[in-house]
Amino acid sequence: MKIFTTRRQIREYLSAQNPATVGFVPTMGALHNGHLSLIAQAKQGSNIVVCSIFVNPTQFNDPKDLENYPRPIEADIAKLEQAGCDVLFNPAVTEMYDANEQWHLNIGPLEHLLEGEFRPGHYQGVTQVVYKLLDIVKPDTLYMGQKDYQQIMVVNRMIELMDMPVKMVMCPIEREADGLAMSSRNIHLSPADRQHALVLSKTLNRIKSNFDIDNIPQLQQQAMEMLKAENDVQPEYFEIVDGETLLPAGKDSTTIVALTAARVGKTRLIDNVLIK
């Protein structure tokens, strides 16, 4: 695996290879099997697979969260090598941002719903960095995980608005054997938190099993009650929405998704399930 830390190096390398297709997996590191499943899918569909590891400061609205974000770079490199990744781009913050850089992209209601409400400014930071990364790597295909469902929609909107020639592939959520969605944040869970966190996937699955389009408000209320009943779990939202707009789902919704976020102990987790 080739490792580059500057924009110039990676651009020169990729243009010299002149690959037929480049698959790209952007990450913030602390890699787990969910990330590695994205690499595997990218390998199936691309001649060269590029992964980026960059903990992006502009998408954190809590400085402590940024400071605590895990950064096990040596372990990450070993995992990527084992997974057969071709190129790692691991830039410093100064390589990605100039001082006092400004960015605002009007992505509409998507910015302020769900995650946007609880993490103001988060999606401006996401679009800012993904735009930069796509401009540097110039991939044919972008692989992102369904666990960050809203992020995929936001990035797709940015790709449309900026008219970027890249195709998005959404890859399924990888879960632990007991159902917990894989996440870099799971390392912060104590053994007790880890057990309490299972209520997220259990609640999502129960709502999916009992789904009734005419009873969405009641289902959402039941789900919030299930989450609140679990020790040390503070739910922020549980919403059943149209999978294309994230607005409330209705009879004409072709895709329906249930999304939730909760604090388990001190760790904030998100999860979702496709209902239709």
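A brief structural summary. (Residues numbered from 1 in each chain as written. Predicted model: local features only at pLDDT ≥ 70, side-chain atom pairs only at ≥ 80, totals over all residues. Heavy atoms only, no water.)

A word on the packing of helix α2 (residues 33-45) against helix α4 (residues 73-83). Close contact between α2 and α4 brings their axes to 10 Å; oriented N to C, the two are set at 35 degrees. Crossing geometry of α2 relative to α4 is assigned as right-handed. Here α2 contributes Leu-36, Ile-39 and Lys-43 to the contact with α4, which in turn contributes Lys-79, Leu-80 and Ala-83. Split into classes, the residues belonging to the contact of α2 with α4 amount to four nonpolar, no polar and two charged. (Axes fitted to C-alpha atoms, helices over the stretch in contact; angles between N-to-C directions. Helix = DSSP H or I, 4+ residues; strand = E, 2+ residues; numbered from the N terminus. Left-handed = near helix turned anticlockwise from the far one by under 90°. Contact = heavy atoms within 4.5 Å. Nonpolar A, V, L, I, M, F, W, Y, C, P; charged D, E, K, R; others polar.)

Right, let's talk about the side chain of Gln-128 for a bit. Its location among the elements puts Gln-128 in helix α7 (residues 122-137). A distance of 3.3 Å separates polar atoms of two side chains, one belonging to Gln-128 and the other to Thr-58. If near-sequence neighbours (up to four positions away) are discounted, Gln-128 is found in contact with Thr-58, Tyr-97, Glu-101 and Trp-103. (Polar contact = N/O pair within 3.5 Å; in protein donor to acceptor, adjacent residues only side chain to side chain.)

The final tally for this structure, using the stated rule, is five aromatic pairs. Here Phe-54 and Tyr-97 contribute two aromatic rings whose centre-to-centre distance is 6.3 Å and whose plane-to-plane angle is 35 degrees, an arrangement assigned as tilted. Taken as a pair, Phe-54 in the loop between β3 (48-53) and α3 (63-68) and Tyr-97 in the loop between α5 (93-96) and α6 (115-118) lie far apart in primary sequence, 43 residues in all. Across this residue pair, the class does not change: Phe-54 and Tyr-97 are buried. Geometrically, the ring pair formed by Phe-118 and Tyr-237 is tilted, given 5.8 Å between the ring centres and 35 degrees between the ring planes. Of this pair, Phe-118 sits in helix α6 while Tyr-237 sits in strand β7 (residues 233-242), and the two are 119 residues apart along the sequence. Residue Tyr-237 is classed as buried on the basis of its relative accessible area of 6%. (Phe/Tyr/Trp six-rings, centres within 6.5 Å; stacked < 30°, edge-to-face > 60°. Buried < 20%, exposed > 50% of the residue type's maximum accessible area, 1.4 Å probe, protein only.)

Spatially, six strands are ordered β1-β4-β3-β2-β5-β6 in an open sheet, and the strand pairing comes out parallel. Two strands in the sheet have a free side with no partner beyond their single neighbour: β1 (2-4) and β6 (167-171). Neighbour-to-neighbour, the strand axes of the sheet open up by a mean angle of 25 degrees, direction not taken into account. By the bridge criterion, two bridges tie strand β2 (residues 22-27) to strand β5 (residues 141-145) in an arrangement that is parallel. Counterpart to Phe-24 in the pairing with β5 is Leu-142. The sheet contacts of α2 involve β2, β3, β5 and β6, and relative to β5 the element is tilted by about 155 degrees. (Pairing = 2+ DSSP bridges.)

This next bit is on unusual backbone geometry. Trans is the common state for peptide bonds, and a negative phi is the common state for residues other than glycine. The phi dihedral of Ala-30 falls on the positive side, at around 50 degrees, and the residue is not glycine. Summarising the element assignment, Ala-30 is placed in the loop between β2 and α2. Backbone geometry at Asp-232 places phi at a positive 60 degrees, although glycine is not the residue there. Assignment of secondary structure puts Asp-232 in the loop between α11 (216-229) and β7.

Moving on to the pattern of salt bridges. Per the counting criterion, the structure on display carries 13 salt bridges. For Arg-8, the salt bridge identified is with Glu-12, shortest N-O distance 3.1 Å. Here Arg-8 pairs with Glu-12, and both are found in helix α1 (residues 7-17), just four residues apart, close to one helical turn. You can call Arg-8 exposed: its relative accessible area is 56%. (Salt bridge = Lys/Arg side-chain N within 4 Å of Asp/Glu carboxyl O.)

Turning to the sheet that holds β7, a few remarks are in order. With respect to topology, three strands assemble into an open sheet ordered β7-β8-β9, the strand pairing being antiparallel. Looking at which strands have only one partner, the edges of the open sheet turn out to be β7 and β9 (267-274). With direction set aside, neighbouring strand axes in the sheet form an average angle of 15 degrees. Sheet analysis places β7 next to strand β8 (residues 256-264), joined by nine bridges and oriented antiparallel. Its bridge partner being in β8, Val-241 is matched across the sheet by Val-257. Across the sheet, α11 lies against β7 and β8, angled at about 160 degrees from β7, the strand it touches most.

Most often, soluble globular proteins have nonpolar side chains that are buried together. Grouped together as the largest cluster of nonpolar side chains are 44 residues, with contacts concentrated most on Ile-10, Val-50, Leu-134, Leu-142 and Val-155. Not counting residues up to four positions away in its chain, the partners in contact with Ile-10 are Phe-4, Val-50, Val-87, Phe-89, Ile-136 and Val-137. One finds Leu-200, Ile-207, Phe-238 and Ile-256 within the second-largest nonpolar core, a separate group that totals 24 residues. (Core = buried A, V, L, I, M, F, W, Y, C linked by side-chain atoms within 4.5 Å.)

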